[in-house]
Amino acid sequence: MINKQLTQLAAAIGVATMMTACGGSSSSSGGGGTTVAEGGSGFVVFSAAESAGAIALRSATARAAALTEYLYKTDGTPAGTSKIVDDNNNGFEVGRFGSGYMAELDGTFYFAGKDSNGDVELWATDGTGAGTERVADIYPNGNGQPHNMVPAAGKLFMNAVVDQFGRELVVFDPVANDTVVLSSNINGNPTSNTAPESLTPVDGGLFFFDQDAGDVYFTDGTAAGTAKIATNNDTIIGGSLTKYPQLIGDDDWLGYNGKLLFTGRFNATDAETRLYELDQDGNIEEVVFDDGGSTVRLDITENVVISNDKVYFVADKGTSSTDLNIFEYDGSTVTNLTASELNKPYEDRLVGTSLGVFMYVEQAGVTPYLLRVDNTNSPAGIAAAVRSTGDYSFSDVEAWTMVEANGTVFFAADTEGAGGSDFGTELWKTDGTSQGTELVKDIDDTAAGAGSEPFPLAFMYQVPPIVNGDLGSKYLFVANDGSSGSEPWVSDGSAAGTVILKDISAGTGSSVID
């Protein structure tokens, strides 16, 4: 299964949350949930280091930074990109721990901030120095180290260290200006150390996972409304199954129609990965396929994504790889979209967007392309292979770099010019057609084969922030032009509009690392 961090990022990408909202609203699905959020800001905050450092290799999850990082903001223009400082011109240090150490809720940005004592707690900013402050001391005797921050039901949920209890699910209510520990006493054990993962928002609350115990929880944001509702191999009260899956996975968690979609293994003798649907009361059903009146259990082989209010996944409905198909689920019916396709190259990651679902395909003897499930009109179908018709060709597209910005999907890809000239890994875009698929800019043109290695600036967020105004149609990313190191960039889809926002770590040092 795809790494969980990438799954969450891809799900958020799928319905265009980061740098995509226009007019103050956006459909968002961070962690897989599909919600409509109002408001938003005309800026985004991020962390960056000012002293020169070695360029870090990209990785699946954010790693602890070796350098001191400070809080920056950008409105998508070089002039509007600056360090946030207090009245004494001092910056605010970011103390990241794990992934998802920044979050946005109703126009306020929250982050794991470090004070002068080195304690890492929950801070908030409105983009000004005067409006940047610690809002919660989660662990008064040490470091709360909040991460996996996810907004849901008007509150901010996170994984944090709590005095005496270890890591638990903590919720911050901005209206009450208060934090509550939700998971430490669920089982009557004050030292439970739930270590919540896979925080997945839905209407009315949030699902989360205790991976070590194999337990699934739902919370409405109150201690009284937080309960364990499923566990590995537990007897079931409601739903269509007599038993929960033997092994619940958390690589593919989606909030869909107020329920949780997740993958798991049914039992020890059946090692195939199934797709399950769980409601907030613990009722569970397996998502199956009706093949002409015959019920077929599906073995999920690739990640599960949402696109235009429907769910898509690759599954094997038979006993060999020739039975791989792309399936669509609308909450009641599973449809096989690819039964008539002879060549089924379903061996890479799905990415959901408002333009449909994309998958990168690379096979021997075939020019690499993007497979597109076009669900913009009913019924959904497989569109013609998407390749560039211009002077450049692409290959080696990584799903986690595919980000939609107001109807344009940006991605990083190895690039070749006419005659096979090597341009390295550079920034591309597509509108879902071959004619609209093209190289945006050769950012690092310092030498043949040199690439800028662009990747989304959204890696700091579990759920990419909602923005509006001019920033809503721009893509924020990190790139290295060969002389400035890895720094924040912006693109409006044109070469002229693809520029560095600020060389924060002057010279060849990198300021933004993952």
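Along each chain, residues carry numbers from 1 onward, in the same order as the chain's sequence is written. At least 70 in pLDDT is required for a residue's local features to be given in this predicted model, at least 80 for side-chain atom pairs to be given and counted, and no such filter applies to totals for whole chains, interfaces and linings, which use all residues. Side-chain numbers come from the whole structure's heavy atoms, not from hydrogens or water.

All right, on to the overall build of the chain then. Assigned secondary structure in the chain consists of one helix and 42 strands. By residue count, 57% of the 514 residues in the chain fall in the buried class. Restricting the contact set of the chain to residue pairs at least 6 apart, pairs at least 24 apart contribute 51%. Counting every atom, the chain has about 19,000 Å² of accessible surface; 44% of that belongs to carbon and sulfur. Elements are defined by DSSP. Helices are runs of H or I of four residues or more, strands are runs of E of two residues or more, and each kind is numbered from the N terminus. Each residue is assigned to one of three classes by its accessible area relative to the maximum for its type, calculated with a 1.4 Å probe on protein chains only: buried under 20%, partly exposed between the two thresholds, exposed over 50%. Between two residues, a contact is recorded if the distance between any of their heavy atoms is within 4.5 Å. Computed with the Shrake-Rupley method and a 1.4 Å probe, the accessible areas treat only the protein chains shown as cover for residues.

It is worth spelling out the packing of aromatic side chains at this point. Any two rings among Phe, Tyr and Trp, with Trp reduced to its six-membered ring, count as a pair given centres within 6.5 Å; such a pair is stacked if its planes are under 30 degrees apart, edge-to-face if over 60, and tilted if neither. Applying the stated criterion across every chain yields a total of 22 aromatic pairs. Residues F43 and F109 carry aromatic rings whose centres are separated by 5.1 Å and whose planes lie at 45 degrees to one another, so their mutual orientation is tilted. Taken together, the residues F43 in the loop between β2 (35–38) and β3 (44–49) and F109 in strand β8 (residues 108–114) connect sequence positions 66 residues apart. Owing to a relative accessible area of 16%, F43 belongs among the buried residues under this scheme.

What follows covers the confidence of the model for the chain. Overall, the prediction assigns the chain a mean pLDDT of 84, with 83% of residues at 70 or greater. Throughout residues 1–38 the model reports pLDDT below 50, and contacts reaching past four residues in sequence, or to other chains, amount to 132 contacts. Across residues 53–65 the pLDDT falls below 50, and counting only partners more than four positions away or on other chains, this stretch makes 39 contacts in the model. Within a predicted model, pLDDT stands for the predictor's per-residue confidence, ranging from 0 to 100.

Moving on to the sheet that holds strand β11 (residues 147–152). Strand pairing follows a simple DSSP-based rule, namely that at least 2 bridges must link the two strands. The sheet built from four strands is open, its strands ordered β11-β12-β13-β14 with antiparallel pairing. The sheet terminates laterally at β11 and β14 (178–181), the two strands that pair on one side only. Going from strand to strand, the sheet's axes swing by 30 degrees on average, the running direction of each strand aside. In this sheet, strand β12 (residues 155–162) lies alongside β11 in antiparallel orientation, the contact comprising four bridges. The residue of β12 that forms the bridge with P151 is L156. Fitted lines through C-alpha atoms give the axes, limited to the stretch in contact for helices. The angle between two N-to-C directions lies from 0 to 180 degrees.

The subject of this paragraph is the nonpolar core. By convention a nonpolar core is built from buried Ala, Val, Leu, Ile, Met, Phe, Trp, Tyr and Cys residues, the set being connected through side-chain atoms within 4.5 Å. Grouped together as the largest cluster of nonpolar side chains are 45 residues, with contacts concentrated most on M102, L122, L156, M158 and M460. If you list the elements that add at least two residues to this core, you get β3, β4 (69–74), β7 (102–105), β8, β9 (120–125), β12, β13 (166–173) and β40 (475–480). Judged by nonpolar contacts, the second largest core, of 17 residues, contains Y256, V296, V304 and A315.

Glancing now at the sheet that holds β40. Spatially, four strands are ordered β39-β40-β41-β42 in an open sheet, and the strand pairing comes out antiparallel. Unpaired on one side and paired on the other, β39 (455–456) and β42 (499–500) mark the two borders of the sheet.

With that settled, the discussion passes to unusual backbone geometry. A negative phi angle is the norm for most residues apart from glycine, just as the trans form is the norm for most peptide bonds. Here S378 and P379 are connected by a cis peptide whose omega angle stands at -5 degrees. With respect to the secondary-structure elements, P379 resides in the loop between β32 (369–374) and β33 (381–382). Backbone geometry at N89 places phi at a positive 65 degrees, although glycine is not the residue there. Of note, N89 is situated in the loop between β5 (81–83) and β6 (93–94). Its identity as a non-glycine residue notwithstanding, D396 has a phi of 55 degrees, on the positive side. With respect to the helices and strands, the residue D396 is situated in the loop between β34 (393–395) and β35 (403–405). For D396, a relative accessible area of 40% translates into the label partly exposed.

Further remarks concern the pattern of salt bridges. Every case where a carboxyl oxygen of Asp or Glu lies within 4 Å of a side-chain nitrogen of Lys or Arg is listed as a salt bridge. With the rule as written, the count across this model stands at 13 salt bridges. The partner of E69 in a salt bridge is R96, and the shortest N-O contact between them spans 2.8 Å. One end of the pair, E69, is in strand β4; the other, R96, is in the loop between β6 and β7, with 27 residues separating them in the sequence. For the pair formed by E69 and R96, the shared burial category is buried. For E272, the salt bridge goes to R274, with nearest N and O atoms at 2.7 Å. On the basis of relative accessible area, E272 is assigned to the partly exposed category, the value being 30%. On the accessibility criterion, R274 (4% relative accessible area) is buried.

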